[in-house]
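Below are the chains, spelled out letter by letter.
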Amino acid sequence: MKLARVKLGSMKRSNSAITTAALGISSGLNFLSLIVWTHLLSPAEFGTYALVSATVLFLNAAIFEWLRLTASRLLYDPAAEHQLNPGIANALSTVCLGLILLLLPVALSLRAFQIHFLGVAPDWWPAMWLWLFSEMLFAISTVTARLRLLSWRFFAMMTLRSSLSLAVGAVLVWFFEMGALGVALGILGAQIGCAVLGNVTDAAWRNLRPLKARRADLREILRYGAPLIVSSGLGYASAVADRYIVSSTLGQAAVGQYSVSVDLMQKTVIFLMLAVNLSAYPAIVRAFENDGREAGEKILAENFIVYLMIGAPAAAILAALSPGVARLFVGPSFRDTVAMLLPYVAIAAILKALTTFHLSVALQLVKKTKLLIISPAVNLALLVPSGIVG
């Protein structure tokens, strides 16, 4: 028994190390991408990319993020083949496919009738539908890998996605002068390619039977996930509403300059805390399911201390050195705005990360997801109307 526990502990540490390495490499490549785009794109082009990506990620948060969170909590079954509950897997695939197919005629109609929506030009909507589809497919693929502690599969998907999106996007922007569209095509192409490759080589996906989804499993997914639909949508809306406000008042060039500051913090401080979350979340779920609530709460409390020890110093350093960071990393057209905003963004990043990675996780684990609506609702009502600093 003791030997088994030692082996299990060693395996968990190995999986955590591989997961952290995957996130480190992919985040480094994403950070490099940000530097490249600020030198290759004008502020207006970067603003277009920022608005389009924000819209795609907002739609993903409102429509599909609740399914990813539901899969993270309900899909794991240690007794099932491939450690995935087949009934929940069939139900999740049914809902995912149904939603993405419903969105296709909407995207085509917005394009056909030249309807401007969420500040995005109509011609973007077909590509955005593909981008949204790739986000959903890639997210579910990485979740199933993490839940089963298939760390090398997760490593391959994350690093390949980041490297391909940078390489393809850079070629399309530099050689074909496609601007923001080239960046977007690089991302969605890399995500679709990696997700399809991962699913084809995973036996668990070959056992999916979406048409055989049971009503009981669909009801369980909806009962757990329904509050997450609102909280995920509101949470991301409060995070990106600033970009739409800046766009409507100051124009897309200002959005580009502002978004670089937020993305810079996202790819540094938030990444460090995300690495802890992605490594710890499967262990917390397993502890709740296998060892009981007390064991899960112990790991959750330990992670909160780790978040503070890692995130707070990193944010403080970036805020204190904001002028130097701006000169070192971003293109000349973006430096003044980045230097001004980084201290404010650093504080916001820490608060957002603690809410997302600790408070939200705790409420998900005890299945009190309705309470997740409170924080984003307060942000939208009080902070967003305060303008660029709010």
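Structure's up top.
An account of the accompanying structure is given in this report. The structure displayed is predicted, hence computed values, not measured ones.

Examining helix α2 (residues 43-63)
- Here α2 spans 30 Å end to end across 21 residues, near enough to the 30 Å set by a 1.5 Å rise per residue.
- Of all the 21 residues making up α2, 17 are buried; the element is thus mostly covered by neighbouring parts of the structure.

Digging into the pattern of salt bridges
- Across all of its chains, the model carries five salt bridges by this definition.
- Residues Arg148 and Asp202 are paired through a salt bridge, measuring 2.5 Å at the closest nitrogen-oxygen approach. One end of the pair, Arg148, is in the loop between α5 (125-147) and α6 (151-174); the other, Asp202, is in the loop between α7 (179-200) and α8 (203-206), with 54 residues separating them in the sequence. Take Arg148 and Asp202: they sit in the same class, and that class is buried.
- Residues Arg243 and Asp263 are paired through a salt bridge, measuring 3.1 Å at the closest nitrogen-oxygen approach. Residue Arg243 is found in helix α9 (residues 215-250), and its partner Asp263 is found in helix α10 (residues 252-266); the two are separated by 20 residues along the sequence.
- Taking relative accessible area as the criterion, Arg243 reaches 9% and is therefore assigned buried.

Some details on the environment of Thr337
- If you trace the backbone, Thr337 turns up in helix α14 (residues 335-365).
- Look at Thr337 and you get buried, because its relative accessible area is 17%.
- Considered as a pair, Thr337 and Tyr258 are 79 residues apart in the sequence and their alpha carbons are 6.7 Å apart.
- Among all residues touching Thr337, those that are not within four sequence positions of it are Gln257, Tyr258 and Ser261.

Observations concerning a nonpolar patch on the surface
- On the surface, Leu272, Ile305, Val306, Met309 and Ile310 cluster together to form a nonpolar patch covering roughly 400 Å² of accessible area.
- In terms of residue count, helix α12 (residues 293-320) provides more of the nonpolar patch than any other element does, four residues in total.
- Tracing the backbone shows Ile310 in helix α12.

What counts, and at which threshold
Residues numbered from 1 in each chain as written. Predicted model: local features only at pLDDT ≥ 70, side-chain atom pairs only at ≥ 80, totals over all residues. Heavy atoms only, no water. Helix = DSSP H or I, 4+ residues; strand = E, 2+ residues; numbered from the N terminus. Expected span 1.5 Å × (residues − 1). Buried < 20%, exposed > 50% of the residue type's maximum accessible area, 1.4 Å probe, protein only. Salt bridge = Lys/Arg side-chain N within 4 Å of Asp/Glu carboxyl O. Contact = heavy atoms within 4.5 Å. Patch = residues over 30% accessible without salt bridge, like charges linked within 9 Å, V, L, I, M, F, W, Y side chains within 5 Å. Areas by Shrake-Rupley, 256 points an atom, 1.4 Å probe, with all protein chains shown as cover.

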